[in-house]
Amino acid sequence: MSLLEEHQITCPNCGEYVEIVLDMSVIEQQYTEDCFVCCSPIVITINQENEYEQVTCTNETDLF
């Protein structure tokens, strides 16, 4: 099993599919990454406490 995995998400800002790389060595994480298409920030939250990994993507302005 690789500690880095590619994952495809949909940008909450422009709706385009974006490929991101997940670090599977960290159980819970949240970070901001810019969309490669529209350059808007995406807040990515990863939780893999149970056997299913959960990846959610949120527009940065929706958090406030």
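Shown above is the structure to which this text applies.
K.L.:
Teacher, can you tell me more about the overall build of the protein here?
P.N.:
In terms of regular secondary structure, the protein is built from zero helices and five strands. In the protein, the succession of helices and strands from N to C terminus is β-β-β-β-β. Whereas a compact globule of 64 residues would reach a radius of gyration of roughly 11 Å, the protein reaches 12 Å, a difference of no more than 12%. The dimensions of the protein, computed from C-alpha atoms along their principal axes, are 30 × 25 × 15 Å. For the protein, buried positions account for 22% of its 64 residues. If you take every contact in the protein between residues at least 6 apart in sequence, the share linking residues at least 24 apart comes to 25%.

K.L.:
Help me understand the side chain of Q48, please; the structure alone is not making it clear to me.
P.N.:
Here Q48 lies in the loop between β4 (41-47) and β5 (54-59). The exposure class assigned to Q48 is buried, which follows from its relative accessible area of 14%. Here V26 takes part through its backbone oxygen, which lies 2.8 Å from a polar atom of the side chain of Q48.

K.L.:
What exactly am I supposed to notice about the sheet that holds β5 here?
P.N.:
Note on sheets: strands pair through backbone hydrogen bonds, and any given pair is parallel or antiparallel. Taken in spatial order, the three strands of this open sheet run β3-β4-β5, and their pairing is antiparallel. The two strands at the open ends of the sheet, each matched to only one other strand, are β3 (28-34) and β5. Strand-to-strand twist of the sheet, defined as the mean angle between neighbouring strand axes without regard to direction, takes the value 20°. Note that β3 and β4 share seven bridges and pair antiparallel. For Y31, the partnering residue across the bridge sits in β4 and is I44.

K.L.:
What exactly am I supposed to notice about the pairing of β4 here?
P.N.:
Every regular strand shows the same layout, with side chains that alternate between the two sheet faces. Where β3 folds back on β4, the antiparallel hairpin that results is connected by six residues, among which C39 adopts a positive phi of roughly 65°. The pairing of β4 with β5 spans six bridges and is classified as antiparallel. Residue pairing for β5: I46 is matched across the bridge by V55.

K.L.:
Would you mind going over the environment of E19 with me for this structure?
P.N.:
Considering the arrangement of structural elements, one finds E19 in strand β2 (residues 17-23). C-alpha separation for the pair E19 and Q8, spaced 11 residues apart in sequence, amounts to 4.5 Å. Among all residues touching E19, those that are not within four sequence positions of it are E6, H7, Q8 and F36.

Basis of the calculations
- Note on numbering: residues in each chain are counted from 1, in written sequence order.
- The predicted nature of this model means local features are confined to residues of pLDDT at least 70 and side-chain atom pairs, given and counted, to a pLDDT of 80 or more, with totals for whole chains, interfaces and linings taken over all residues.
- Side-chain calculation: all heavy atoms of the structure are included, whereas hydrogens and water are not.
- Think of it this way: any DSSP run of H or I at least four residues long counts as a helix, any run of E at least two long counts as a strand, and we number them from the N terminus.
- A radius of gyration in this sense is built from C-alpha atoms; the matching globule rule multiplies 2.2 Å by the number of residues raised to 0.38.
- Note on classification: 1.4 Å probe, protein chains only; a residue is buried when its accessible area is under 20% of the maximum for its type, exposed when over 50%, partly exposed between these limits.
- Any two residues whose heavy atoms approach within 4.5 Å at even a single point are treated as in contact.
- Definition of a polar contact: a pair of N or O atoms within 3.5 Å, with one able to donate and the other able to accept a hydrogen when the atoms are protein atoms, and with sequence-neighbouring residues admitted only if both atoms are side-chain atoms.
- Only strands that DSSP links by at least two bridges are regarded as paired with each other.
- Axes here mean lines fitted to C-alpha atoms, for a helix over just the part in contact, with angles spanning 0 to 180 degrees between N-to-C directions.

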